[in-house]
Amino acid sequence: MKTLKFGGTSMADGAAIKKVIDIIKSDKEANYIVVSAPGVSATCEKVTDLLLNVIKNKDNFAKPLERVKERFSAIVNSLNIKFDLDEYFVYFANDIKHGVSVDYIVSRGEHLSAMLLAKALDYDFVDAKDIIKFDAFSNFDAELTNEICGEKLRQHKNAVIPGFYGALPNGEVKTFSRGGSDITGAIAARAVSASVYENFTDVDGFCASDPRIIKDAGVIEMLTYEELRELSYMGASVLHSMSIFPVRHEDIPIHIRNTFNPKGNGTFIVPTKKFKEGKYSRKKRAVTGIAGKKEFLGINIEKSLMNEELGFGRRILSVFEKYNVSFEHMPGSIDTLSIIIDGNGLEKTILNRVVAGIINECNPDNIEIVQDISLIAVVGHTLSEEINAIARVSSALAKNNIRIRMINYGASKLNIIVAVDTQNFENAIKVLYDEFFK
């Protein structure tokens, strides 16, 4: 039994959805389908972005909502199915007038996509709000969801499920973060004990590095759950990094495939434990992939005899907690400590309060803010077997006059993370890719 998910540009228009339908019909084990909202088309932006525009114009939403309707009308006409869009959007507009939540509005792209695909396939439609559950604090309730989802789906031989959202205990719609349809697919895969979770998108799989930077970056044949987490977090956006948590309970592999090239090998994402036990094999290479993210900043703290001051680190972190700022890395030495934080969206006033809080709590000798740094992760399970891996990273960057602001080799020995000035970000990616893949 398989669970398939089609999303992004794969569901962009009627022609793309017809390819999806052909793939499903060619696979007798494609019992449960999870869809996302239509992505970017040749003439229009993502439906989710159109719905966000509806939210921005709640006092005068008729025109923005009409654009959403036009997008789905083209899909209905292309698929030649009978579906009363007028009725759907009358109810939708009425919901908006009566003050439904932002999550409800933004989730309607997935909701309607699933209804249309179910109609085209003659599959049952199962609303995600009936099977995906959050608690009263808006936290995803994994075990309750697994119980309800499994019981519900076993009542349907074939079903289409909208991705991206579920429901709070009071029935109100609650969404995952953007890209959350990937998570829904993994949840359904776990609930039905799928043999594999197939995730169809518009690329051939995970590339060894960002193809926008490395034009000839090869497709990775196999990743482990852990490698996926590291690469996804650091910017590889083919699959939502949280997708592994549901499937790892059952050791279900994920297969990334291309809707427009269904015969391609794609990328397999496999259970880490089974990979380490030798149950999966791939071409031996020290580095599996290289990924990076921009817009970080560093807070460098100096204080004499810091290492002898009991509770120093705790007091610093309590300041970050107070202002709801998480940290990425915290390398240090005897008298210095560097804290790397995500600067994307961080208000200057909050940063100033954090710095003032550190001064008040710890009375450091000096604090330096390092702006415009980027993090790059060199990831691979066999990295620890490469004796000179750190030397290769540092020497490759040094030969190209790229200064390392921070280097971190974690306890898992799964990755080497370096911080560089953002102006050197793309060049650093190219240098490291050449070092390990050329």
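Residues numbered from 1 in each chain as written. Predicted model: local features only at pLDDT ≥ 70, side-chain atom pairs only at ≥ 80, totals over all residues. Heavy atoms only, no water.

Caption draft 1: Representation of the sheet that holds strand β15 (residues 404-409). The six strands lie next to each other as β12-β13-β11-β14-β16-β15, forming an open sheet whose pairing is antiparallel. With partners counted over all chains shown, the strands left at the sheet margins are β12 (327-329) and β15, one partner each. Taking each pair of neighbouring strands and ignoring which way they run, the sheet shows an average axis angle of 35°. In the packing of helix α12 (residues 312-322) onto the sheet, contacts are made with β11 (289-302), β12 and β13 (336-342), and the angle to β13 comes to roughly 20°. Along the sheet face, helix α14 (residues 389-399) touches β14 (366-379), β15 and β16 (415-421) and points at about 20° away from the line of β16. (Pairing = 2+ DSSP bridges. Helix = DSSP H or I, 4+ residues; strand = E, 2+ residues; numbered from the N terminus. Axes fitted to C-alpha atoms, helices over the stretch in contact; angles between N-to-C directions. Contact = heavy atoms within 4.5 Å.)

Caption draft 2: Fine view of the pairing of strand β9 (residues 254-258). Within β9, five of the five residues are buried, which leaves the element mostly enclosed by the surrounding structure. Neither face of β9 is exposed, since I254, I256 and N258 on one face and H255 and R257 on the opposite face are all buried. Inspection of the sheet shows strand β7 (residues 196-201) paired to β9 by five bridges, in the parallel sense. Across the sheet, the residue bridging to Y197 is I254, located in β9. Taken together, the three bridges between β9 and strand β10 (residues 267-270) define a ladder with antiparallel strand orientation. Each residue of the ladder has a partner; that of I256, found in β10, is T267. (Buried < 20%, exposed > 50% of the residue type's maximum accessible area, 1.4 Å probe, protein only.)

Caption draft 3: Representation of the environment of F245 in the model. As for its placement among the helices and strands, F245 is situated in helix α10 (residues 244-248). Considering only alpha carbons, one finds F245 and A142, 103 residues apart in sequence, at a separation of 9.4 Å.

Caption draft 4: Layout of helix α9 (residues 225-233). All of the buried residues in α9 are Y225, E227, L228, L231 and S232. Axial view of α9: buried residues confined to an arc of 155°, hence all on one face. Buried residues along α9 sit in contact with β8 (222-224), α10, β10, α11 (272-276), β11 and β14. Just past α9, the residue G235 takes up positive phi, approximately 120°. (Arc of directions from axis to C-beta.)

Caption draft 5: Just the environment of E151, in detail. With respect to the helices, strands and loops of the structure, E151 is situated in helix α7 (residues 142-153). E151 gets classed as partly exposed once you look at its relative accessible area, which sits at 48%. Considered as a pair, E151 and V370 are 219 residues apart in the sequence and their alpha carbons are 52 Å apart.

Caption draft 6: Region of interest: the packing of aromatic side chains. Inspection of the entire model under this criterion finds nine aromatic pairs. Seen from their ring centres, F134 and F140 are 6.0 Å apart, and the 65° between their planes marks the pair as edge-to-face. Three or more aromatic residues joined by ring pairs make a cluster, and in this case those are F83, Y88, F89, F92 and Y104. K293 extends its terminal NZ or CZ atom over the ring of Y233, reaching a point 4.5 Å from the ring centre. (Phe/Tyr/Trp six-rings, centres within 6.5 Å; stacked < 30°, edge-to-face > 60°. Lys NZ or Arg CZ within 6 Å of the ring centre and 35° of its normal.)

Caption draft 7: Fine view of helix α2 (residues 47-56). Among the residues making up α2, those that are buried are V47, T48, L50, L51, V54 and I55. Each buried residue of α2 lies within a common arc of 160° when the element is viewed along its axis, so the set occupies one face. At its buried positions, α2 is contacted by α3 (62-79), α4 (85-97), α5 (102-106) and α6 (108-121).

Caption draft 8: Quick peek at the pattern of salt bridges. Counted by the stated rule, this structure contains 18 salt bridges. Note that R212 is salt-bridged to D210, the shortest N-O span being 2.8 Å. On the basis of relative accessibility, which here comes to 64%, the residue R212 falls in the exposed class. Here D210 falls in the partly exposed class, since its relative accessible area comes to 23%. In this structure, E435 engages R392 in a salt bridge whose closest nitrogen and oxygen atoms are separated by 2.8 Å. Of this pair, E435 sits in helix α15 (residues 425-437) while R392 is found in helix α14, placing the two residues 43 residues apart along the sequence. Look at E435 and you get partly exposed, because its relative accessible area is 27%. When salt bridges with common partners are traced through the structure, they connect D216, D434 and K438 into a single cluster. (Salt bridge = Lys/Arg side-chain N within 4 Å of Asp/Glu carboxyl O.)

Caption draft 9: Quick peek at the environment of F140. As for its placement among the helices and strands, F140 is situated in the loop between β3 (124-125) and α7. The sequence separation of F140 and A167 amounts to 27 residues, and the corresponding C-alpha distance is 9.3 Å. Excluding residues within four positions of it along the chain, F140 makes contact with I132, K133, F134, T145, F176 and I187.

Caption draft 10: Just unusual backbone geometry, in detail. Positive phi, close to 60°, is recorded for N324, a residue that is not glycine. Secondary-structure assignment places N324 in the loop between α12 and β12. A positive phi is found at D372, a non-glycine position, where the angle reads about 55°. Relative to the elements of secondary structure, D372 occurs in strand β14. We classify D372 as exposed; its relative accessible area is 56%.

Caption draft 11: Looking closely at the nonpolar core. Counting 77 residues, the largest nonpolar core has F206, I269, I290 and I376 as the members making the most contacts within it. Element by element, the count of residues in this core is highest for α15, at eight residues. If we skip the residues at most four places from it in the chain, F206 touches G218, V219, I220, L223, L228, S232, A236, V238, L239, I256, T267 and I269. In this structure, C44, L50, L51 and V160 belong to the second largest nonpolar core, which totals 39 residues. (Core = buried A, V, L, I, M, F, W, Y, C linked by side-chain atoms within 4.5 Å.)

Caption draft 12: Region of interest: the side chain of N31. Considering the arrangement of structural elements, one finds N31 in strand β2 (residues 30-35). Residue classification places N31 among the buried positions, given a relative accessible area of 12%. In terms of polar contacts, N31 uses its side chain to reach the backbone carbonyl oxygen of K157, at 3.5 Å. (Polar contact = N/O pair within 3.5 Å; in protein donor to acceptor, adjacent residues only side chain to side chain.)

Honestly, that's just the spatial picture; any functional story needs more than this.
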